Structure formats: C-alpha cells, structure tokens
Amino acid sequence: MSASPASASPDGWESQSGIYHYFTVPKSIVPSQTCGNSTGAGAELEGNIGPSGTWAAVGLDASGQNCMADIGPMKPGLYYYQYVAPMADRSKQVFRNPASGVDVTSHPNWNTLFVPGPEVAWMDDVAAGGGTMSDLAYQSGASGSHSVMVWTPPSYDPNRAKPYPVLYLLDDAGQSYREWQELGRAKQILDNLSASGDLASMLVVMADPGATDYRAEVLNRIVPAVEGAYNVIGTGDGRAVAGIGRGASQALGFALSDPGAFGAIGSMSGYLPSDVAITAPLAKAVNKGTDLIRFYVGNTLDPSYNATRDAMLALTSAGVKFQFDGVDPKTGAVWDTWRENLRDFASRVFQPGSSHDGFSAGHRALTEPYTPPATGSITTPDIDANGMVTFETGTQWANAKDVVLWGDWAPNGQWFRIPLTKVGDRWRTTIGPIDGYYYWRYEVNGTAYHDPQDTQNTNNVESQLFVPGGVRTPLLADVPANESGAVATLQYASAYPGNPTMSLKVWTPPDYDPNRAEKYPVLYLYHGMGQNFASWTEVGRAAQILDNLYARGEIAPMVVVMPGYPGISDFWNDLSSKVIPFAQSTFNISHDPSEMALAGLSWGARGTQGALVNHPGTFSAYGIFSPPFASGSLNDTSGPVAKAGTTIVDFFAGDLDSGAVNAIAGMETNLGKYGIPTVKTIVPGPHGFDVWWQGLSDFLPRIFEHGLTIRQGGADFGQVPEGYAPLDPKKLTVTNTESETTGVLSVSLSGPDADKFSVSTDTLASIRAGKKADIRVTAAAGLPAGIYQATVVVAGDAQRVTCSVRLEVTPA
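Since we're looking at a predicted model, the values are computed, not measured.

Reading the values: rules and limits
Residues numbered from 1 in each chain as written. Predicted model: local features only at pLDDT ≥ 70, side-chain atom pairs only at ≥ 80, totals over all residues. Heavy atoms only, no water. Helix = DSSP H or I, 4+ residues; strand = E, 2+ residues; numbered from the N terminus. Contact = heavy atoms within 4.5 Å. Areas by Shrake-Rupley, 256 points an atom, 1.4 Å probe, with all protein chains shown as cover. Disulfide = S-S within 2.5 Å. Buried < 20%, exposed > 50% of the residue type's maximum accessible area, 1.4 Å probe, protein only. Salt bridge = Lys/Arg side-chain N within 4 Å of Asp/Glu carboxyl O. Axes fitted to C-alpha atoms, helices over the stretch in contact; angles between N-to-C directions. Parallel < 35°, antiparallel > 145°, perpendicular 65-115°, else oblique. Nonpolar A, V, L, I, M, F, W, Y, C, P; charged D, E, K, R; others polar. Pairing = 2+ DSSP bridges. pLDDT = per-residue confidence, 0-100. Phe/Tyr/Trp six-rings, centres within 6.5 Å; stacked < 30°, edge-to-face > 60°. Lys NZ or Arg CZ within 6 Å of the ring centre and 35° of its normal. Polar contact = N/O pair within 3.5 Å; in protein donor to acceptor, adjacent residues only side chain to side chain. Expected span 1.5 Å × (residues − 1). Arc of directions from axis to C-beta.

**A look at the overall build of the protein chain**
Then step 1. Assigned secondary structure in the protein chain consists of 15 helices and 42 strands.
Then step 2. Look at the contacts in the protein chain between residues 6 or more apart in sequence, and 73% of them connect residues 24 or more apart.
Then step 3. For the protein chain, the accessible area works out to roughly 31,600 Å², and carbon and sulfur atoms hold 51% of it.

See the structure below:
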C-alpha cells in the first residue's frame, strides 16, 4: 500500500489572462513545422471544447515563432485536450509538451484543464481536510501484480471498533481505473460530499477487473486484498459496486450471479449481461440481498441509451426493484455525465432512506427507444425535439480523408471544427443539445464547401442553423410570419469599374406603406471585405434582428439598404452617386440627413468612418463595428460640421480584435475633440458575426427615435458568458419624443415571472413631458438566484410598446 502519485505537472503551453485561456506552442516542436489548420499542414488543439462538450478542434495560428490559440470564456468544468498536426497528406500526428507529465493514463497525450466556478464547486479541491488517495497492490489472476486506488475518508481510523463499508468503482473497456481520478475527479467529489455531511463514513476503491473473468477478479482477489489491508466490513451489506459501461454491466452481473454479495448496485451508461434469465426465485433473491439498484444514463449520444431502457424493462418484467436517475439531457457517455452519477450514487449508499428515489433535477423519463435518422434519409441539419442536431453529407465526398463542420461553435463565436465520422459513403455526426443560432460550412480535406442541401442561402459558403427553444440568441429567431418584414434583392447601376451592375438587399418593415405621407428614415448597412451584399442576411441574421426589435417596439419604422461592394476605393462614390439615388427613387425614404444613418462592419466600418470625417453632415448616425483602421480624421473645418449634424456614433468590437479596439480608441479621441456624441462597447469575441450582430442590435434602437420607445441597458442575448458581468436589463430607458405628450401613461409588468418584480413609476411625469427617463425593475426580497423572464409594458393614449427582458438575480 502506498500513496498515489501526485498530479502530473501542468501543461506549460497553457496560460490564462482574464477570461481567456491561451495555448502557445513553439513552432519548432510542431511536426508539420507550420501553424494554422487550413489546406495542407498546420497545427490544432482538439478536445471536449465544442458545444455541450463535443470533441472539436481550433487552429493554432502563427504568432512570431509560436503557434497560438485562445479559448474563452470557458464554462467551469474539466477539459481534456491534445495537440495535433494535420500533415500535407491529411494524416494527423499527435504531439505533446515534452515538459509535462501524463495526465490521463489511458490517453497519454491528453492534457487536462480544470476551470473553477460556483457551479462546479462540488468537484473542486476542498480547502483542507480531504481524504487520502492510495495505491493498493494485489495479486491478479490475469498477469501477476495489479493495483487499485483507494480513497479513505479524512477521519479514517484503522483501529475503529466499527469497520467501514466500501464502495467499489469499476471502469469501462478502454479506460483505466485511474480515470476515476484523472477525469472523474473522484477524490474531489468524495471530499466535498464528506465535508458537507452527504457521504457515509466509508472507503471507495477504484479498480479494473478486466473482461474475461471479472467475477473472480473482484470477489476472489480485489475484495479480499482490500479487506486484508483496511478496516472494512467483510459482508455484502457493507459493500456497494458501481461501474461505467462494461463496468456497469459487471456490477449488474453481481446482483444476478451473486445476490447479496453487494448491497447496492449502480449502473452508469450500462447494460445487462447477455444471456441472463431472471427467474422468479432469482428476482426474489436479488430483492432480498440488494438494498439499492440505481440506473444512470446520458442523452441520446450515450451508446447505452437503449440498453439502459432494455435493462430496466427486463428487471421490471421480472419484478426486480430498482431506481432510475432519469436521462441526463446535457451530455452523453462522457465524464461530465459520470461525475454527476458518482456524486449522486455515493451520497446514497450506506445511508438508508437518506435520499429520494426519483430523478435528479432536470432529468427526464426514458419512455421510448431512440432511433437515429436512417443513413441517407435526412436533409442536413436534422434537429430533434431535444436540441440534438445531426449533420450528414451526400456521397460526393465518399473518398475524402476527413470532413469537418466549421462554425462559430466557440463560447464567444470563434470558429471551431467538429469532425464527422465515415458511415458507408457518407459522413455524419450528431451534436447537442444546443440552442440558438450558428453559421457553419463543411470543410473537406481542408477546403471549404457550402452545404449542397442548402438552397436558401446561396451567396455565401456558410449556411444558417437555428435551434429553437433556448435563450442563447433570442433576437436571431424567426418571428411569426405576419410580424416579419420583407427582404428584397435588387440590382442597380454601380460606380465600380468592371462591375456595372451590383446587387443589394433591402429590408422593409411589415407595415411598410409606399404611399405614406411621412417618408421612412433609412439605414445604409455595409458588409466587410471578402463578403457580399447577402452576408448581413445570410450570415448576420440582420432581417431577424430587425423583425424582433420592431415587433418589440424597440426601433422606429425604417428601411434598411444593404449594398455590396467589390473594393473599398470607390466606396463613397458608389454610395453617394448610385446607391442613395437608387434607394430614394425606389422606396419611400427620407432625403433628410437627420433621418439617414450609415453603418458597416470591418472594411464597411472603415468606409462608414471615412464618410463621417470626409463628408460630415450626410448622415446623422453612424455604426462602426470592428474597423481595421481609420480613414482620416476630423479637423477644425470638418469637426464643427460633423458635430452639428451627428446624433450618435456607435463603436462596437470584440475584445480579441485588438486592431479594431485600437482603431476605435483613436477614432473616439478624434471625435471627442469636437464634441461628437459616441458610445463604445467591447464584448467578448473575435472579428466575426457573433460580435457584429450584437453591434447591429445595439445600434438600431439608438437611431430614428419616434414616439414611445423602450431601450434596454444592452442587447438581450440570453445567458451572459461566465467571467463577464451581466448586462443590466433591470434598468430601461423610456423615450417619449412626440406621441405621448398628454393623457394617461402607465408602466406595468406581464409574463410568468411578473409577480416576482416591481417597476418604478416616479419618472412618469418626465416621460409624459416628452423626455427620456429610466424605469427600474426591482426583484422581490428573497427571490432565489436564477434567470427570469418578464415583459415591461409602457402604455399611453396613442401607443403601447413592450420590451421582453431577461432578469438575472445573482447571489448576494
């Protein structure tokens, strides 16, 4: 018996700054000697970093003499990853930091990274006084000396008069018994349960009995070795056994082959042993000798999903008593699932009547077997009722060496690659559960391809995926058809040499009236370099953002014109001499600069800033999203003109986009010199659409305010990433510019959580007088921490506007 080895030395290539984890690899160590992961050679980091823990890869891009990637904010939990070099022939070579130790015995190239947080405190290190993990050698019947790992509680006394009960944990095929600690964090889970008083005073043994003669290995060798070395109970009522996969089948096997040898049985992603006939006498013996049998299973990604159901049906039919923890909807057959299973099962054994026998919180019933979509039967992506998404190619890439999904799967919208598996002549994968909006494409042998089944989005290589039912990106969801504006594609005679005819998209509100006496204000919205006139609608979901904000009453009726451009050199000439005259002649839009706005992303932002400083007074509002650099500056001549005609300049960028952040700082200084009103927002994210659709959502409610409007403290995008302070939707700005100067004005709350909050009404006089004022939404005293939804209603004689808000109550 000896103390278990200390944890492996950490990966020196990983570091953290703020909410981001950085992975910096010397280029000289990469087998391909190059960075990135485009066509040909490169370098990647891959691990359980995708949505819902999906195995995914991120490119390590060149940074001086290193290859580097950043990931974040990472949801608290345990991650495992490895470094991979795709070679020119599309083969892959795994490599590791030679200075780091082995973290995972069964996967020696894996590194582990634990990200702490309150939601995973139950699997974090205890402050002091934890149990002890030791190795115990024993003589195996297979090949001489083997070992198990033994956890003893903090108060373990080898001379205690009352011996300790023992829980045995068995591994799955392909695992090692050390994975219970290396990936299962068994010690931390047990230490926390012990510290909170939720664990019986017991020992826990982690073992690998193999597959050929597991019964004899456990009962005749491992159990006697433990009982000979520790002060433990030597009868079945003092023993429990649980396992994963094969180990779970073995645990169930003990209940049937040796009833009473173990008083409690736990099956995690398990199945019944084959060719087992449960007779009435056997069922009676099992019930008599076993106090607890409890089943656990992950979602439909768990290969034992149907096998667990079959096992429970067989036991039910035979009259064997058992419990079911319910289907874990979040994850499949992975350690994220099994850690929670261990936490639940360990807290139950040797504590009769201490826990309920039903589902864990949030788990669901398993009533029907799962049948995946048949190969060749789906048009990708296929979305099921639980947010599981299946992608499948046709047979056109039957001879490809690798096919992946490229998309904004990262927490902040960076681009990860999720591998597909060859199934016959097709490639296929299922991910989930996920919700909200993503844009994606196939990459085949490193080359990007549009989804051949996608005939709706045809101007960009990326396709759209929206999974309803969550809160990730509510502004990007489709509104009911009768609330949707129209999107038209038109051609105009352009000013670009070599491109005499160009295309543009135009969004008009659902109640657009071409004959309305009052002309509509207009926003000209531009894409970035390398994109096209359809990028804002096919990738950026601009139409859905406009539809949702308009339906909520957060933006004024307007027309949005989205032109294309092949290059930046003739940007202003084309906009001023072609696009604007064409739009004004085609739509009922204003010619007044106070009702004209201009916005753009990346190089479109550069063109927007150039219009502001070089042609001030043409527009009243400017949205500048992730500009690469400035196109000149205001001077003492142009500055006063810009100030006189500009109501707002809205800067927006991702924090990883250092070039844009620096460019905005310079622009902000220049505009501030002349008193130009500006707003700057930096959010988690890269130079990508996850940032830009937030920028557009932030900009739209700031322009063309007419009548009664409500503005939140920030765009409503659901759950705020860990590590960032939440937006403050509890403070709303109400503007009353012209429609509600007299009469009754009221503020109220509606929705399922309305009774949990109250709204202030002391600012109504100010609002009624045609001013801006804040309304504060206050949580009821003692309201538990959580996420709540409500709708703020502001009503007057002429208008009634609503604003759906997400209210986050955090612990004191």
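**Structural notes on the state of the cysteines**
Then step 1. As enumerated under the stated definition, the model contains 1 disulfide in all.
Then step 2. The disulfide bridge from cysteine 35 ends at cysteine 67, spanning 1.9 Å between sulfur atoms. Taking the sign of the S-S torsion, about -75° here, the bridge from cysteine 35 to cysteine 67 comes out left-handed. Here cysteine 35, found in the loop between strand S3 (20–26) and strand S4 (44–47), pairs with cysteine 67, found in strand S7 (residues 66–71); they are 32 residues apart in sequence, far enough to count as distant. Like cysteine 35, the residue cysteine 67 is buried in the burial classification.

**Comments concerning the pattern of salt bridges**
Then step 1. Applying the stated criterion across every chain yields a total of 24 salt bridges.
Then step 2. Arginine 221 is paired through a salt bridge with glutamate 217; the nearest N and O atoms lie 3.2 Å apart. Highlighted residues: arginine 221 and glutamate 217, both in helix H3 (residues 214–229), separated by 4 residues, approximately one helical turn.
Then step 3. Across the pair arginine 702 and aspartate 698 runs a salt bridge whose closest N-O atoms are separated by 3.1 Å.
Then step 4. On the accessibility criterion, arginine 702 (25% relative accessible area) is partly exposed.
Then step 5. Look at the salt bridges and you will find they share partners, linking Arg294, Asp325, Asp344 and Arg348 into a network.

**What about the packing of H3 against helix H4 (residues 246–257)?**
Then step 1. Two elements in contact, H3 and H4, have axes whose closest approach is 11 Å; the angle formed by their N-to-C orientations is 75°. When the axis of H3 is compared with that of H4, the two are roughly perpendicular. For the pair H3 and H4, the contacting residues are Tyr214, Arg215, Val218 and Leu219 in the first and Gln250, Gly253, Phe254 and Ser257 in the second.
Then step 2. Residue classes in the contact of H3 with H4 are distributed as 4 nonpolar, 3 polar and 1 charged.

**Some points on the environment of valine 560**
Then step 1. Summarising the element assignment, valine 560 is placed in strand S31 (residues 559–563).
Then step 2. Sequence separation between valine 560 and tryptophan 507 is 53 residues, and the spatial gap between their C-alpha atoms is 5.1 Å.
Then step 3. Setting aside its immediate chain neighbours within four residues, valine 560 contacts Lys505, Val506, Trp507, Leu523, Leu525 and Leu546.

**Overview of the pairing of strand S14 (residues 203–207)**
Then step 1. The buried count for S14 comes to 5 of 5 residues, which makes it a mostly enclosed element.
Then step 2. Here S14 shows two buried faces, one formed by Leu203, Val205 and Ala207 and the other by Val204 and Met206.
Then step 3. As judged from the 3 bridges shared by strand S12 (residues 144–152) and S14, these two strands associate in the antiparallel manner. In the sheet register, methionine 149 faces S14, and the bridge partner there is methionine 206.

**Quick look at the sheet that holds strand S32 (residues 596–601)**
Then step 1. Here we have 8 strands laid out as an open sheet, ordered S28-S29-S31-S30-S32-S33-S34-S35, and mixed in their pairing. Edge positions in the sheet fall to strand S28 (486–496) and strand S35 (678–683), since each of these pairs with one other strand and no more. Along the sheet, successive strands turn relative to each other by an average axial angle of 20°, direction set aside.
Then step 2. Relative to S35, strand S34 (residues 648–654) runs parallel, the two sharing 6 bridges. Looking at S35, one finds that glycine 654 is bridged to valine 683.
Then step 3. Contacts between helix H10 (residues 571–586) and the sheet are confined to S28, strand S29 (499–508), strand S30 (522–526), S31 and S32, with S28 contributing the most and set at about 135° to the helix.
Then step 4. Packed onto the sheet, helix H11 (residues 603–614) meets S30, S32, strand S33 (621–625) and S34 and runs at close to 145° relative to S32.

**Let's talk about the sheet that holds S7**
Then step 1. Read across the open sheet, the 4 strands follow the order S2-S3-S7-S6; overall the sheet is antiparallel. Of all strands in the sheet, those bounded by a partner on one side alone are strand S2 (14–17) and strand S6 (61–63). The average undirected angle you get between the axes of adjacent strands in this sheet is 40°.
Then step 2. The pairing of S2 with S3 spans 4 bridges and is classified as antiparallel.

**Quick look at unusual backbone geometry**
Then step 1. Of the consecutive residues glycine 72 and proline 73, the connecting peptide bond is found in the cis state with omega at -5°.
Then step 2. Mapped onto the fold, proline 73 is located in the loop between S7 and strand S8 (77–86).
Then step 3. For the bond from threonine 380 to proline 381, the omega torsion is -10°, close enough to zero to count as cis.
Then step 4. Along the chain, the position of proline 381 falls in the loop between helix H7 (335–348) and strand S19 (382–383).
Then step 5. The phi torsion at phenylalanine 350 lies on the positive side, around 60°, for a residue other than glycine.
Then step 6. As for its position among the elements, phenylalanine 350 is in the loop between H7 and S19.
Then step 7. The phi dihedral of arginine 541 is positive, around 55°, even though this residue is not glycine.
Then step 8. Within the fold, arginine 541 resides in the loop between helix H8 (535–538) and helix H9 (542–552).
Then step 9. Take arginine 541: its relative accessible area is 5%, and that puts it in the buried class.

**Re the confidence of the model for the protein chain**
Caution is warranted with low-pLDDT regions, since their predicted coordinates should not be read in detail.
Then step 1. For the protein chain, the average pLDDT comes to 89, and 88% of its residues sit at 70 or higher.
Then step 2. Scored below 50 in pLDDT, residues 1–6 shows 16 contacts in the model against residues more than four places distant or in partner chains.
Then step 3. With pLDDT under 50 throughout, residues 713–729 is counted as low confidence; its partners more than four residues away or in other chains account for 47 contacts.

**Concerning the packing of aromatic side chains**
Then step 1. Inspection of the entire model under this criterion finds 44 aromatic pairs.
Then step 2. With a centroid separation of 6.1 Å and an interplanar angle of 80°, the aromatic rings of phenylalanine 619 and tyrosine 622 are classed as edge-to-face. Each member of the pair phenylalanine 619 and tyrosine 622 is classed as buried.
Then step 3. In textbook terms, an aromatic cluster arises when at least three aromatic residues are bridged by ring pairs, as seen for Trp406, Trp415, Tyr437, Tyr439, Trp536, Phe689, Trp692 and Trp693.
Then step 4. The ring of tyrosine 164 carries arginine 160 above its face, with NZ or CZ at 3.7 Å from the centroid.

**Considering H9**
Then step 1. Within H9, 10 of the 11 residues are buried, which leaves it mostly tucked inside the rest of the structure.
Then step 2. A positive phi of about 80° marks glycine 553, the residue just after H9.

**Considerations on the side chain of aspartate 698**
Then step 1. Structurally, the position occupied by aspartate 698 is in helix H14 (residues 689–699).
Then step 2. Here arginine 702 takes part through its side chain, which lies 3.1 Å from a polar atom of the side chain of aspartate 698.

**Some points on helix H6 (residues 305–318)**
Then step 1. The terminal C-alpha atoms of H6, which comprises 14 residues, lie 21 Å apart, in line with the 20 Å expected from a rise of 1.5 Å per residue.
Then step 2. Of the positions making up H6, those classed as buried are Tyr305, Thr308, Arg309, Ala311, Met312 and Leu315. For H6, the angular spread of buried residues about the axis comes to 160°, placing them on one side.
Then step 3. In this structure, the buried side of H6 is in contact with strand S17 (292–297) and strand S18 (323–327).
Then step 4. Looking one or two residues beyond H6, the residue adopting positive phi is glycine 319, at roughly 90°.

**Things to note about the side chain of glutamine 609**
Then step 1. Note on placement: glutamine 609 falls in helix H11.
Then step 2. A residue is classified by how much of its surface remains accessible, and glutamine 609, at 2% relative accessible area, is buried.
Then step 3. Glutamine 609 has contacts with Ile624, Ala630, Ser631, Gly632 and Met667, leaving out every residue within four places of it along the chain.

**Topic: the environment of tyrosine 437**
Then step 1. With respect to the helices and strands, the residue tyrosine 437 is situated in strand S25 (residues 436–444).
Then step 2. On the basis of relative accessible area, tyrosine 437 is assigned to the buried category, the value being 0%.
Then step 3. Expressed as a C-alpha distance, the spacing of tyrosine 437 and valine 467, which sit 30 residues apart in the sequence, is 6.4 Å.
Then step 4. Side-chain polar atoms of tyrosine 437 contact the backbone oxygen of valine 539, separated by 2.6 Å.

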